[in-house]
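Coordinate analysis (summary)
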Amino acid sequence: PALQLAFVDLAGSERLQLSTVESDVAEESRHINLSLSALGTVIHALRHRANHLPYRTCLLTRLLEPFFGSGGRVLLCVCVSPEQRHAHETLCSL
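Reference entry: report on the structure contained in this document. (Residues numbered from 1 in each chain as written. Predicted model: local features only at pLDDT ≥ 70, side-chain atom pairs only at ≥ 80, totals over all residues. Heavy atoms only, no water.)

Looking at the overall build of the protein
Secondary structure summary: the protein contains three helices and zero strands in total. When its helices and strands are written in sequence order, the protein yields α-α-α. Approximately 7,900 Å² of the protein is accessible, and the part contributed by carbon and sulfur atoms is 56%. (Helix = DSSP H or I, 4+ residues; strand = E, 2+ residues; numbered from the N terminus. Areas by Shrake-Rupley, 256 points an atom, 1.4 Å probe, with all protein chains shown as cover.)

A closer look at the pattern of salt bridges
Opposite charge on two side chains lets them pair, provided their charged atoms get close. Under the defined criterion, the tally for this structure stands at one salt bridge. The salt bridge partner of Arg85 is Glu83, with a shortest N-O separation of 2.7 Å. Note on Arg85: relative accessible area 66%, which makes it exposed. With relative accessibility at 39%, the residue Glu83 sits in the partly exposed group. (Salt bridge = Lys/Arg side-chain N within 4 Å of Asp/Glu carboxyl O. Buried < 20%, exposed > 50% of the residue type's maximum accessible area, 1.4 Å probe, protein only.)

Let's talk about the nonpolar core
The biggest cluster of nonpolar side chains holds nine residues, and these are Ala38, Leu39, Val42, Tyr55, Cys58, Leu60, Leu64, Phe67 and Phe68. Only helix 1 (23-47) and helix 2 (59-64) provide two or more residues apiece to this core. Setting aside anything within four residues of it in sequence, one finds Phe68 in contact with Leu39, Val42, Ile43, Leu46, Tyr55 and Val74. (Core = buried A, V, L, I, M, F, W, Y, C linked by side-chain atoms within 4.5 Å. Contact = heavy atoms within 4.5 Å.)

Observations concerning the side chain of Thr61
Positionally, Thr61 belongs in helix 2. One polar contact links the side chain of Thr61 to the main-chain carbonyl oxygen of Cys58, over a distance of 3.0 Å. If sequence neighbours within four positions are ignored, Thr61 has contacts with Ala38, Leu39, Val42, Pro54, Tyr55 and Arg56. (Polar contact = N/O pair within 3.5 Å; in protein donor to acceptor, adjacent residues only side chain to side chain.)

Take a look at the structure:
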């Protein structure tokens, strides 16, 4: 089988109450955060070998479903800050 590779850029996910974003940007951030939450739910279900894997929760998890199958690999890169004032946000990202 051919190698499949997908890059998903989820930049812009942030805690809205701590940011100054408005309107369309805030709506995009909400969608990104919902997608991240759904992705976390799928990864949790896979890790615990759940009977039901909720891939249909959002478009992101539907698109990534083939990569979670047997032989698939998923890599998550997280940009974190070394500053102490961002420690809580860094822990939440991990």
